[in-house]
Amino acid sequence: MVALSMRPIRFLFKFLLLVLFLACKPEKTSLALQSKLTSLEIQNHLIHIYEENLHKTFSLSKEKPGKDFQSIGSGFFVDSSGYGITSLVSLAKLTQKKYYIRQNGTGKVYQVEEISRDTLTKLALLKVLDTIEVSTVDVIANNKPKPGNLYVGIASPYSLLETMVSGFVVQTLRANIDPGDLSFTYVQLDKPIAKESAGAAVFDLYGNLMGVLHPIEKLNPNVKKRFGFAIPTSDVYSFIVKQDFFRQAKLKISRGLVEIPILTPFLRKKLKLRQKHGVLVSYTRTASPAAKVLQRYDLIIAVEEKEIHNQAELWQQLERYKEKEILSLGIVRKQKKIQIQLIQGK
């Protein structure tokens, strides 16, 4: 009797389990679909970053290319008149001063000259000898990624031009890894880097420069097979600000347009500014274009919708748009965000 009375209970228990399973199955399917869609969104976003920056980058060759382009490195433009950056690894053991680059996306080939190199930041500056106008990669002073962040770059490994490279950041600041300079810190990546990819720009998911690919020549072979490394943006920035083309732009803008102090915590408190970044206007020169639209203590936070964090970024953006007649500036005036139009002087 006891056994007979238990059968309905067992059946009911099994039925409830089946109902519960069926109820959960669509949710699992939904989660799987949502995960797939998220993955596709990330893929599409990486493709968008690649396409947006393709023409701002180039491959480097030591000889004038014929039918094929034999790459010795990669790089990217930092000034609209044709200044570009590559890694010193690209130029290792080469004594010549003139090279050729192929602009990605357009296929245009230009002769370039090495302007300077810096063993501290492991970078070299190149300049296109022709008169050109190119789009540039913006360098934020200290865009520090975190472990687990995705990156996407444009390189030419083994002369395979316009190759998308992507992966994850493994460690933000990895020191004691380069036998040639144990004090230098790199961004550690999850994939090894081909020598021809040296100098390639890598971007974060916001499309901002995250570092410059830099294969370490004397790296432990076991580590070299597993990981890659990039020069941090802080070192890229410090390299750029030392260059003559940047100092000339800085002098022209700071003297001819507007004087600006450092945005200190004291000034922020005094002016009741909520923003931690931007460029504060100290005063404008009489009869200058800036004097017509800017006021003392305006905080410049954007140029052509590109956020401005410091003086260097302002100079870089103004130099980038130096030929544009009317420039859009985002500013904070008396705690209110407004847009103004700056008619640039020639």
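Just so it is clear, the structure is predicted and the values come from calculations on it, not from any experiment.

S.K.: Explain the layout of surface pockets to me, using residue names and the numbers behind them.
M.R.: In this structure, the largest pocket occupies an estimated 410 Å³ of space. Lining the largest pocket are 22 residues, and of these Lys56, Tyr206, Gly207, Asn208 and Lys306 lie nearest its centre. Listed by contribution, the elements that provide at least two residues to the lining of the largest pocket are helix H1 (2-53), strand E17 (306-307) and helix H7 (311-320). For the lining of the largest pocket, the per-class residue count stands at seven nonpolar, eight polar and seven charged. Approximately 340 Å³ is the volume found for the second largest pocket. If you go around the second largest pocket, you meet 15 residues; those closest to its centre are Val89, Lys122, Asp178, His214 and Glu217.

S.K.: Break down a positive patch on the surface for me, citing the residues and quoting the values.
M.R.: The grouping of Lys62, Lys93, Lys195, Lys218 and Lys224 at the surface amounts to a positive patch. With respect to the helices, strands and loops of the structure, Lys218 is situated in the loop between strand E11 (209-213) and helix H2 (221-224). By relative accessible area, Lys218 is classed as exposed at 66%.

S.K.: Lay out the environment of His55 with the relevant residues and their values.
M.R.: Relative to the elements of secondary structure, His55 occurs in the loop between H1 and strand E1 (57-61). The exposure class of His55 is partly exposed, given its relative accessible area of 28%. Along the backbone, His55 and Lys108 are 53 residues apart, and their C-alpha atoms lie at a distance of 10.0 Å. Apart from residues lying up to four places away in sequence, His55 is in contact with Phe77, Gln103, Asn104 and Ser135.

S.K.: An account of the environment of Gly82 is requested, with residue identities and associated values reported.
M.R.: Looking at where Gly82 falls in the secondary structure, it is placed in the loop between strand E2 (73-79) and strand E3 (83-87). Residue Gly82 is classed as buried on the basis of its relative accessible area of 2%. Counting along the chain gives 49 residues from Gly82 to Thr131, while the straight-line C-alpha distance between them is 7.9 Å. Once residues lying within four places of it in the same chain are set aside, the contact partners of Gly82 are Phe77, Leu126, Lys127, Val128, Ile132 and Val134.

S.K.: Describe in detail the pairing of E2, supporting the description with residues and values.
M.R.: With respect to burial, E2 is a largely interior element, seven of its seven residues being buried. Where E1 meets E2, four bridges bridge the pair, whose relative direction is antiparallel. Counted as the bridge partner of Ser59 is Ser74 from E2. Judged from the three bridges that link them, E2 and E3 form a sheet pairing that is antiparallel. Paired with Phe77 across the bridge in E3 is Gly84.

S.K.: Lay out the sheet that holds strand E12 (residues 228-232) with the relevant residues and their values.
M.R.: Here six strands make up a closed barrel; going around it, the order is E7-E8-E9-E12-E11-E10 and the pairing antiparallel. The mean angle between the axes of side-by-side strands here comes to 45 degrees, regardless of whether they run parallel or antiparallel. Pairing of strand E9 (residues 186-189) with E12, which is carried by three bridges, proceeds in the antiparallel orientation. Within E12, the position partnered with Gln188 by the bridge is Phe229. The strands touched by helix H3 (residues 233-240) are E11 and E12; relative to E12, the strand with the most contacts, the crossing angle is about 45 degrees.

S.K.: Lay out empty space enclosed by the protein in plain terms, naming residues and giving numbers.
M.R.: With the rule as written, the count across this model stands at five cavities of 30 Å³ or more. Approximately 80 Å³ is the volume found for the largest cavity. Lining the largest cavity are 11 residues, and of these Val78, Asp79, Phe245, Gln316 and Glu319 sit closest to its centre. Every element with two or more residues in the lining of the largest cavity is listed here: E2, helix H4 (244-256) and H7. It is H7 that contributes the most residues to the lining of the largest cavity, four residues altogether. Counted by class, the lining of the largest cavity contains five nonpolar, three polar and three charged residues.

S.K.: Run through the sheet that holds E2, naming residues and quoting values.
M.R.: An order of E1-E2-E3-E6-E5-E4 is seen for the six strands of this closed barrel, with the pairing classed as antiparallel. Neighbour-to-neighbour, the strand axes of this sheet turn through a mean angle of 40 degrees, independent of strand direction. The pairing of E1 with strand E4 (residues 98-103) spans four bridges and is antiparallel. What sits directly across from Phe58, in E4, is Gln103. Across the face of the sheet, H3 comes into contact with E2, E3, strand E5 (109-118) and strand E6 (123-128) while running at roughly 50 degrees to E6.

How each quantity is defined
Residues numbered from 1 in each chain as written. Predicted model: local features only at pLDDT ≥ 70, side-chain atom pairs only at ≥ 80, totals over all residues. Heavy atoms only, no water. 1 Å grid on protein atoms, 1.4 Å probe; cavity = no way out; pocket = protein on both sides within 12 Å on 5 of 7 lines; lining within 4 Å. Points joined across faces, edges and corners; volume = space filled by probe spheres on them. Helix = DSSP H or I, 4+ residues; strand = E, 2+ residues; numbered from the N terminus. Nonpolar A, V, L, I, M, F, W, Y, C, P; charged D, E, K, R; others polar. Patch = residues over 30% accessible without salt bridge, like charges linked within 9 Å, V, L, I, M, F, W, Y side chains within 5 Å. Areas by Shrake-Rupley, 256 points an atom, 1.4 Å probe, with all protein chains shown as cover. Salt bridge = Lys/Arg side-chain N within 4 Å of Asp/Glu carboxyl O. Lys, Arg positive; Asp, Glu negative; His and termini not counted. Charge placed at Lys NZ, Arg CZ, Asp CG, Glu CD. Buried < 20%, exposed > 50% of the residue type's maximum accessible area, 1.4 Å probe, protein only. Contact = heavy atoms within 4.5 Å. Pairing = 2+ DSSP bridges. Axes fitted to C-alpha atoms, helices over the stretch in contact; angles between N-to-C directions.

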